Amino acid sequence: MNENLLRPVAIAGAGLGIASIFLPWAYGPRILDDMTYYFGPSFLQVCYALLAVVALACLVAHFFLDRMSWFARVIAWNDAAKAASLGAVGYAIAVIIAIAVGGGGLINVEPGGWLALGGGALAAVSWFLPASKAPIFERLRCPKWVQILAIAAVMAVLLFAAAFALNQSEADGFLVFAVFLGAAIFTFHATGFFGWLSLAAANNRKVLVISAFTVAFAFPFTQNGSDANMSVAAQVLTFAATAIGLNIVVGLVGLLDLGYIAFLGAGAFTAAVMSKSVFATLSVDLPFPVVALISGTVAALFGLLIGTPTLRVSGDYLAIVTLAFGEIFRITMINLDGTDGPNITHGSNGVPSIPNLDFFGFDFGQSHEIFGIQIGRFSNYYWLLLLVIGLIILVFANLNHSRIGRGWVAIREDEMAAESMGVNTFGLKLLAFAGGAFLAGVAGSVKAYTDTSVSPDQYVFLESAFLLAAVVLGGMGTIMGVLIGATLLKLLPEKLRYFEDYRLLLFGALMVVMMRFRPEGIIADERRQLEFHDTDEELAEEVEEDLTTHHAHLNADKELP
Amino acid sequence: MSTDRSVLLDAAHVTMRFGGLTAVDDVSLQIHHGEIVGLIGPNGAGKTTFFNCLTGLYKPTSGAVTLNGEPLPPQPRLVVKAGVARTFQNIRLFHDMTALENVMVGTYCRTKTNAIDAIFRLPRHRQEEKVSTELCKGWLDFVGLADKANTLARNLPYGDQRRLEIARALATKPSLLLLDEPTAGMNPNETRQAEDLIFRIRDLGLAILVIEHDMRFIFSLCDRVLCLVQGAVLIDGTGDEVQHDPRVIEAYLGSPAEDGPPGMAEAAEVPNA
Ligand SMILES: Nc1ncnc2c1ncn2[C@@H]1O[C@H](COP(=O)(O)OP(=O)(O)OP(=O)(O)O)[C@@H](O)[C@H]1O
Ligand SMILES: [Mg+2]
């Protein structure tokens with residue numbers, strides 16, 4: 001088709017789409033976030049408009065390329081327009097489905113909704129526009145403060161998006177917003193922005209880490225004292241902390257551990273039976289940090305116990321042995337009930353009513369008011385978990401960037417070559433196994449107090465599988481990837497209870513798709529990024545030269561007449 | 001350059017059997033300090049297997065190997081620590097690590113940082129990290145890969161990968177370096193560079209045992225040449241002696257030496273350690 005025809009059609013479509021948000025989309029205020037107003041767009045409608053505006057801007061930009069000089073090459077205008085308009089269509093479809101399901105039939109979709117879909121579809125004819133040249137966005141060199149500002153802005157947006165997504169109590173609002181986020185990420189990706197951002201992040205590691213923790217720390221303040229979401233957030237953190245421990249074993253050393261949840265359980269049970277609960281069998285009065293260390297040590301001992309005999313043989317055996325260990329652990333915990341064995345864990349009832357932690361008079365069970373915002377019980381534990389996960393990340397990162405970490409990765413890459421280069425492979429594998437178990441044990445001790453009860457049925461094989469999936473999905477050997485993977489895997493089931501019956505099916509499908517299209521996980525190993533970074537410097541110089549010559553040309557053009 | 005000509009490695013009557021197959025048959029070899037010894041022989045003669053016996057990957061069926069009079073320990077990593085490093089016939093780098101990291105793995109056995117040092121970034125970690133980084137950059141520079149430090153090993157061209165393997169082996173501070181076909185797959189230009197590299201390594205005071213099929217390379221490089229045929233030593237002598245021995249020509253140099261080895265491709269296919 002002819003570009004001269006396509007572009008106006010697409011522009012008109014995007015314009016119609018923007019106009020549609022000033023019309024009602026849904027009949028009835030209880031559907032999604034009340035899309036019933038004329039000239040009063042709801043938040044989810046504004047989200048749609050954002051996509052449409054980006055599409056429109058990128059389509060129109062075409063007419064001004066000549067006047068933009070070098071900036072014309074920064075963004076892949078056509079590609080971004082395609083992504084944004086496709087995103088808009090997808091989003092409109094998601095909204096219409098949500099309206100139809102929520103209201104009971106397509107009859108509930110008002111003309112505005114159809115206009116949004118139609119406008120998006122028209123805009124999507126931009127799909128047939130020619131592809132853009134590779135954008136130079138990611139090669140742009142910016143002053144440090146711009147990079148830092150961008151990181152901070154992205155973090156703030158992240159905080160806002162996380163808070164908004166979590167506050168969606170209904171699955172439909174959550175899903176629709178998730179589709180928006182997906183479309184937005186897709187669009188930004190098409191512009192080349194993410195390449196630039198990951199470079200900026202790599203250049204400003206400290207800023208990234210600090211801002212990420214600030215945002216995570218600030219999260220409870222967005223919850224207005226509601227503990228429901230903070231409970232989910234605390235679960236996510238526990239899960240993520242455990243997954244990072246597992247990431248040492250799986251991601252760095254390449255050992256397949258299918259029973260890792262047992263180490264979390266070992267830590268949780270240790271903390272529980274030592275707690276001041278009336279059901280605790282070994283109740284002692286020790287400060288929590290000591291309890292956490294003991295829990296970690298117990299888990300590490302379990303790690304040594306099963307690692308010593310099995311780590312000498314090849315990987316497949318380890319998978320089987322750890323799988324069995326996970327089950328043996330659970331069944332042992334059930335049997336330590338006083339009838340089948342000594343009474344330590346109260347069998348399948350476990351240890352309930354574990355009292356709250358108390359740090360120097362700071363009671364974790366109480367809510368507090370900070371800056372006029374109620375901070376509930378789960379927020380307290382959330383912050384404790386944040387501290388724990390921070391320490392675990394520190395341990396992971398420091399080990400990874402050391403002689404030990406290099407030895408681990410060498411083992412993963414080629415165990416025999418590593419041994420032939422003088423690496424103590426058995427010792428390092430054992431260290432990873434016991435160390436990972438230790439971290440899980442520490443996380444388990446906090447989990448025992450957060451949940452107030454510990455029972456064997458929380459530590460089933462499925463949990464180990466999910467942990468492993470979080471590592472693989474997020475990106476083996478990375479911190480960021482595993483954090484994202486753990487968040488997705490814990491958050492989605494929480495928010496999509498509606499789909500509970502299909503949870504495993506959807507999850508399996510997701511894994512298959514990931515393995516097909518992005519086997520390295522959401523975030524690739526930083527060693528690859530390092531290289532990417534390296535070639536990028538070259539490219540950056542190349543482009544700089546390019547730009548200066550371009551400028552020279554422009555100047556020359558000006559001078560000529 | 002070392003002028004000390006005492007015996008560094010002494011392999012006495014090394015035999016390696018796999019079931020009914022005798023891959024290495026009563027091979028004795030002495031390597032002196034600062035010496036370059038060539039190991040030649042047709043495909044399947046047992047050269048790589050002999051290497052594996054020296055480096056602890058295989059435990060010889062019979063025979064003994066000593067280094068500086070001490071028996072070599074039976075574990076590869078302890079052999080490295082004792083001072084014998086090697087490269088592999090079919091390159092075995094850590095592909096998803098950068099070139100620099102690959103070399104730094106080589107320093108593992110010479111450093112002592114433990115998990116606690118690393119986690120808390122204690123002085124020993126920082127000190128050793130600094131020293132080994134400098135050292136390894138030096139080795140990369142030595143083999144001519146200074147500008148490839150941050151490239152992933154998998155993305156290096158073939159010749160560079162071979163050189164990186166040598167740098168990694170050198171980082172273990174060996175007194176004896178075993179090179180398994182260091183020029184396999186290289187073009188003539190790269191081969192000349194490799195030759196130069198090996199001389200420079202010898203000049204550092206290391207002894208070198210090198211397996212090669214490229215006869216010109218072997219005879220221009222080696223002080224002594226050992227020829228294996230079907231696992232057994234055919235002849236152990238100077239380059240000249242070996243070059244003109246009719247039995248070697250019969251067993252191995254059937255085609256003119258200048259043409260290089262026949263069947264380079266097959267050589268790479270033999271399953272090797
Ligand atoms: N682990 C093993 N098990 C059984 N047989 C083996 C083993 N390793 C080597 N062999 C056999 O021992 C013989 C010698 O093999 P080796 O790899 O040492 O030869 P080579 O001299 O290095 O040959 P090339 O020049 O092709 O590399 C071959 O017949 C080989 O098949
Ligand atoms: Mg061989």
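Residues numbered from 1 in each chain as written. Chains lettered and ligands numbered in written order. Predicted model: local features only at pLDDT ≥ 70, side-chain atom pairs only at ≥ 80, totals over all residues. Heavy atoms only, no water.

A short note on the overall build of chain B
- Helices and strands together make up the secondary structure of chain B, namely eleven helices and ten strands.
- Since a compact globule built from 273 residues should have a radius of gyration of about 19 Å, the 19 Å found for chain B is in line with a globular shape.
- C-alpha extents for chain B along the principal axes are approximately 65 × 40 × 40 Å.
- Expressed as a percentage of its 273 residues, the buried residues of chain B come to 56%.
- Sequence separation of at least 24 residues holds for 70% of the intrachain contacts in chain B that already meet a minimum separation of 6.
- For chain B, the exposed area adds up to about 11400 Å²; of that, 52% sits on carbon and sulfur atoms.
- One finds the centroid of the 27 positive side-chain charges in chain B at a distance of 9 Å from the centroid of its 34 negative side-chain charges. (Helix = DSSP H or I, 4+ residues; strand = E, 2+ residues; numbered from the N terminus. Rg over C-alpha atoms; globule rule 2.2 N^0.38 Å. Buried < 20%, exposed > 50% of the residue type's maximum accessible area, 1.4 Å probe, protein only. Contact = heavy atoms within 4.5 Å. Areas by Shrake-Rupley, 256 points an atom, 1.4 Å probe, with all protein chains shown as cover. Lys, Arg positive; Asp, Glu negative; His and termini not counted. Charge placed at Lys NZ, Arg CZ, Asp CG, Glu CD.)

Some points on the overall build of chain A
- A count of helical and extended segments in chain A gives 20 helices and four strands.
- Radius of gyration (C-alpha) of chain A: 27 Å, near the 24 Å computed for a compact globule of 561 residues.
- A burial count over chain A gives 50% of its 561 residues as buried.
- Restricting the contact set of chain A to residue pairs at least 6 apart, pairs at least 24 apart contribute 77%.
- For chain A, the accessible area works out to roughly 25100 Å², and carbon and sulfur atoms hold 69% of it.
- Taking the average place of the 29 positive charges on the side chains of chain A and the average place of its 44 negative ones, the gap between the two points comes to 2 Å.

A look at the coordination of the magnesium ion (ligand 2)
All names here are of chain B.
- Looking at the magnesium ion (ligand 2), one finds its protein donor set to be Thr48 (OG1) and Gln89 (OE1), positioned 1.9 to 2.1 Å from the metal centre. Here glutamine 89 lies in the loop between strand 6 (84–86) and helix 3 (99–106) and threonine 48 lies in helix 1 (residues 47–54), a separation of 41 residues in the sequence.
- By relative accessible area, which is 8% here, glutamine 89 ends up buried. (Donors = N, O, S within 2.8 Å, 3.2 Å for Na, K, Ca; no water.)

Some remarks on the pairing of strand 10 (residues 232–237) of chain B
Residue and element names in this part refer to chain B.
- Of the strand pairs in this sheet, strand 9 (residues 224–229) and strand 10 are connected by five bridges, and their pairing is antiparallel. Looking at the pairing, leucine 228 lines up with valine 233 of strand 10.
- The loop that links strand 9 with its antiparallel partner strand 10 comprises two residues; one of these, glutamine 230, has a positive phi angle of about 50°. (Pairing = 2+ DSSP bridges.)

Topic: the nonpolar core
- Counting 119 residues, the largest nonpolar core has Phe263(A), Tyr382(A) and Trp408(A) as its most contacted members.
- In terms of residue count, the dominant contributor to this core is helix 9 (residues 228–252) of chain A (16 residues).
- Counting residues domain by domain, this core receives three or more from each of domain 1 (3–215) and domain 2 (227–355 + 376–493) of chain A.
- Setting aside residues up to four positions removed in sequence, Tyr382(A) forms contacts with Ala216(A), Phe219(A), Pro220(A), Met230(A), Ala233(A), Ala234(A) and Leu237(A).
- Judged by nonpolar contacts, the second largest core, of 45 residues, contains Ala153(B), Ile166(B), Cys222(B) and Ile235(B). (Core = buried A, V, L, I, M, F, W, Y, C linked by side-chain atoms within 4.5 Å. Domains from an automatic or database assignment.)

Let's talk about the side chain of Asn78(A)
All names here are of chain A.
- By the element assignment, asparagine 78 lies in helix 3 (residues 77–103).
- In terms of polar contacts, asparagine 78 uses its side chain to reach the backbone carbonyl oxygen of proline 130, at 2.9 Å.
- Apart from residues no more than four positions distant in its own chain, asparagine 78 is found in contact with Arg7, Leu129, Pro130 and Ser132. (Polar contact = N/O pair within 3.5 Å; in protein donor to acceptor, adjacent residues only side chain to side chain.)

Quick notes on the interface of chain B and chain A
- Counting residues at the interface gives 37 residues for chain B and 30 residues for chain A.
- Buried surface at the junction of chain B and chain A, both sides included, amounts to about 3200 Å², of which 59% is carbon and sulfur.
- Interface area lost by chain B to chain A is led by Arg77(B), Tyr108(B) and Ile119(B), which between them contribute 22%.
- Between Arg92(B) and Asp414(A) there is a salt bridge whose closest N-O contact spans 2.8 Å. (Buried area = accessible area lost by both parts, 1.4 Å probe. Salt bridge = Lys/Arg side-chain N within 4 Å of Asp/Glu carboxyl O.)

Points about the sheet that holds strand 6 of chain B
Residues and elements named next belong to chain B.
- Read from one edge to the other, the open sheet built from six strands follows the order 6-7-8-3-9-10, with strand pairing classed as mixed. Of all strands in the sheet, those with a lone pairing partner are strand 6 and strand 10, marking the two edges. Direction aside, neighbouring strands of the sheet carry axes that sit 20° apart on average.
- Lying over the sheet, helix 1 contacts strand 3 (36–40), strand 6, strand 7 (176–180), strand 8 (207–211) and strand 9, oriented at roughly 145° with respect to strand 8. (Axes fitted to C-alpha atoms, helices over the stretch in contact; angles between N-to-C directions.)

Let's talk about the layout of surface pockets
- Roughly 750 Å³ of internal volume is contained in the second largest pocket.
- Taken together, 27 residues make up the lining of the second largest pocket; nearest its centre are Leu293(A), Val395(A), Phe438(A), Leu439(A) and Val442(A).
- Of all the elements in the fold, those that place two or more residues in the lining of the second largest pocket are helix 11 (288–310), helix 13 (377–400) and helix 16 (425–451) of chain A together with helix 4 (115–119) of chain B.
- Residues that form the lining of the second largest pocket fall into these classes: 25 nonpolar, two polar and no charged. (1 Å grid on protein atoms, 1.4 Å probe; cavity = no way out; pocket = protein on both sides within 12 Å on 5 of 7 lines; lining within 4 Å. Points joined across faces, edges and corners; volume = space filled by probe spheres on them. Nonpolar A, V, L, I, M, F, W, Y, C, P; charged D, E, K, R; others polar.)

Observations concerning the domain arrangement of chain A
Residue and element names in this part refer to chain A.
- Looking at chain A, the domain boundaries give domain 1 (3–215) and domain 2 (227–355 + 376–493).
- Computed over C-alpha atoms, the centres of domain 1 and domain 2 are 39 Å apart.
- With four residues of domain 1 at the interface, the matching set in domain 2 holds seven residues.
- Of the roughly 580 Å² buried between domain 1 and domain 2, counting both surfaces, carbon and sulfur atoms make up 76%.
- When the area that domain 1 buries against domain 2 is broken down by residue, the three leading residues are Leu166, Phe174 and Phe213, summing to 80%.
- For the pair domain 1 and domain 2, the interface holds zero salt bridges.
- Seen at the junction of domain 1 and domain 2, the total is zero residue pairs in polar contact (both at pLDDT 80 or more).
- In the side of domain 1 that touches domain 2, the residues fall into three nonpolar, one polar and no charged.

Remarks on the packing of aromatic side chains
- Evaluation of the coordinates by the stated rule reveals 29 aromatic pairs over all chains.
- Geometrically, the ring pair formed by Phe43(A) and Phe177(A) is tilted, given 6.1 Å between the ring centres and 40° between the ring planes. Placement of the pair is Phe43(A) in helix 2 (residues 43–61) and Phe177(A) in helix 6 (residues 171–191), with a sequence separation of 134 residues.
- The side chain of Lys82(A) reaches across the aromatic face of Trp127(A), ending 5.8 Å from its centre.
- Note that Arg200(B) overlies the ring of Phe142(B), its terminal NZ or CZ placed 4.7 Å from the centroid. (Phe/Tyr/Trp six-rings, centres within 6.5 Å; stacked < 30°, edge-to-face > 60°. Lys NZ or Arg CZ within 6 Å of the ring centre and 35° of its normal.)

Structural notes on the sheet that holds strand 5 (residues 70–71) of chain B
Residue and element names in this part refer to chain B.
- The strand order across the open sheet built from four strands is 2-1-4-5, with neighbouring strands paired in antiparallel fashion. Every other strand in the sheet has two partners, leaving strand 2 (21–32) and strand 5 as the edge strands with one partner each.
- Sitting on the sheet, helix 1 is in contact with strand 1 (7–18), strand 2 and strand 4 (62–67), with an inclination near 115° to strand 1.

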